[in-house]
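Commentary on secondary and tertiary structure
The primary structure of each chain is shown beneath.
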Amino acid sequence: MKDVNCALEINSSSYSIVIVETGRKVLAVKRASFNFDISSLSLVDEVLLNYLRQMMKELKQEYEFRIKNLNVCLSSYHVDIVPASAEIILHPYHQRDVRKKDIENLIEQSRLLRIDWDRSVLHSLPLEFYLDDRRFLEAPIGVYGRKFRTKSIFCIVNRNIMEEIETLADRLSLELGKVVFYPLALMSIFVLPDSEGDFLLVRMRRYRTDMAVFIEKSLVYAGYIPIGGEYIDRELAEGLGIPMSLAEEIKIEYGALTAEDLEDGREVIVKKVSSYRKIKRSRLNQILLASFRNILGSIKSNIPDEFRSRLSKVIFVGSSISLKGLANVVENELELSWQPVSLLREDYQKLPPSFWGGIGSFYFNNSDFNRQKIATGLNFWQKIVNMWDNYF
């Protein structure tokens, strides 16, 4: 029986489980979808727990494995972003080199100043460091100076959420591994151009749409708007006079947002309860376009002004990216260029986006987006610069 790792992604309408074996190869995936918003429920709600137990049971029946631990991937609904800063003096009288312990002290001081006792820190992410009048994007370990400060952000959750996650792992008889914020997990498995560092990440879900802003490859803002795919289906159902159950079907089958499709005069025959009716494709697509414009407008208005002007690209994630013409609509409404991405492995690319966050949780520790990483090695030229600063 092989040992494997498990990741659980929790979002507004589903639980997604990914089983990963040695080498981070995906062994199995399983998803439980709900026809209501589960975000407000306890993570240890008995109904949800029973779904998870059943999913685990089915996976174990199909594959012979022993799960070692459980990673959990949380969305913006559960996680808040808190900016922080702090400053320390390395030495009262002269310069000295920055050490790893100084970084830890600086971040800890930031945490104590900004984070309340009833919150738990998922990630502490330094955005930039200042050593006297010099700015560094990476920890300046080994560089000489006297006044040392940092700007950071903390990804935090209510302490009771962390307690529920621990209880969840215990109820499933699993050891809790990493708890990772969804945007960071997702970016950990994306392959981006080296030059691309300022972008907006959008993940459209069933009942809400998550967004995250990355500046110089650092997460600086995250949030969500309380509308998503269900809002679009509801607009279609009301506008076309059809049941919600049919709205999703015709959206997938006939929806498109190109100029030609918005003028398409052909008709679609749909079943309405016991009768049939005809719907013009142009009407269907015009409602789709209006719905997406409302969502994108809300996203744009929720991005803080200090970051909006710096953004140049948007990465859009979700099943809706297959919608013909969506890229042009997104570019026009957000005034950002559409950034296509690929994943680290081809087998990951074939999986639905609902499993990407769980996979990314296994990569986060070594990701470029994990700003908790602190390099301790100095190259030859940095040693020469330090010697010059210290003695001359």
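Quick summary incoming for the structure in this document. (Residues numbered from 1 in each chain as written. Predicted model: local features only at pLDDT ≥ 70, side-chain atom pairs only at ≥ 80, totals over all residues. Heavy atoms only, no water.)

1. Some thoughts on the sheet that holds strand β7 (residues 119–131)
Read from one edge to the other, the open sheet built from four strands follows the order β5-β10-β7-β8, with strand pairing classed as antiparallel. In the strand order of this sheet, the two ends are held by β5 (80–89) and β8 (134–136), each with one partner. Taken pair by pair, the neighbouring strands of this sheet meet at an average axis angle of 30°, ignoring direction. Judged from the three bridges that link them, β7 and β8 form a sheet pairing that is antiparallel. By the bridge assignment for β8, L131 is matched with R134. Against the sheet, helix α2 (residues 100–114) contacts β5, β7 and β10 (147–158), and its axis sits at roughly 125° relative to β5. Lying on the sheet, helix α3 (residues 159–171) is in contact with β7 and β10; it crosses β10 at an angle near 60°. (Pairing = 2+ DSSP bridges. Helix = DSSP H or I, 4+ residues; strand = E, 2+ residues; numbered from the N terminus. Axes fitted to C-alpha atoms, helices over the stretch in contact; angles between N-to-C directions. Contact = heavy atoms within 4.5 Å.)

2. Comments concerning the pattern of salt bridges
Taken as a whole and judged by the stated rule, the model has 29 salt bridges. Salt bridges sharing partners connect three or more residues here, namely E128, R135, K151, D198, E216 and R310. (Salt bridge = Lys/Arg side-chain N within 4 Å of Asp/Glu carboxyl O.)

3. Some points on helix α1 (residues 46–62)
Over its 17 residues, α1 extends 24 Å from the first C-alpha to the last, a length consistent with the 24 Å expected when each residue adds 1.5 Å. Taken residue by residue, α1 has L48, L49, L52, M55, M56 and L59 as its buried positions. In a view along the axis of α1, the buried residues occupy a sector of 125°, so they form one face of it. At its buried positions, α1 is contacted by β1 (2–10), β2 (14–21), β3 (25–33), β4 (65–74) and α3. (Expected span 1.5 Å × (residues − 1). Buried < 20%, exposed > 50% of the residue type's maximum accessible area, 1.4 Å probe, protein only. Arc of directions from axis to C-beta.)

4. A short note on the sheet that holds β1
Here we have five strands laid out as an open sheet, ordered β3-β2-β1-β4-β11, and mixed in their pairing. One side of each edge strand has no neighbouring strand; the edge strands of this open sheet are β3 and β11 (175–181). Taken over all neighbouring pairs, the strand axes of this sheet differ in orientation by 20° on average, direction set aside. Judged from the eight bridges that link them, β1 and β4 form a sheet pairing that is parallel. Along β4, the bridge assignment pairs C6 with L70. In this fold α3 packs onto β1, β4 and β11, with an angle of close to 140° to the strand it touches most, β11.

Fair warning: the whole summary comes from geometry, so function is off the table for now.
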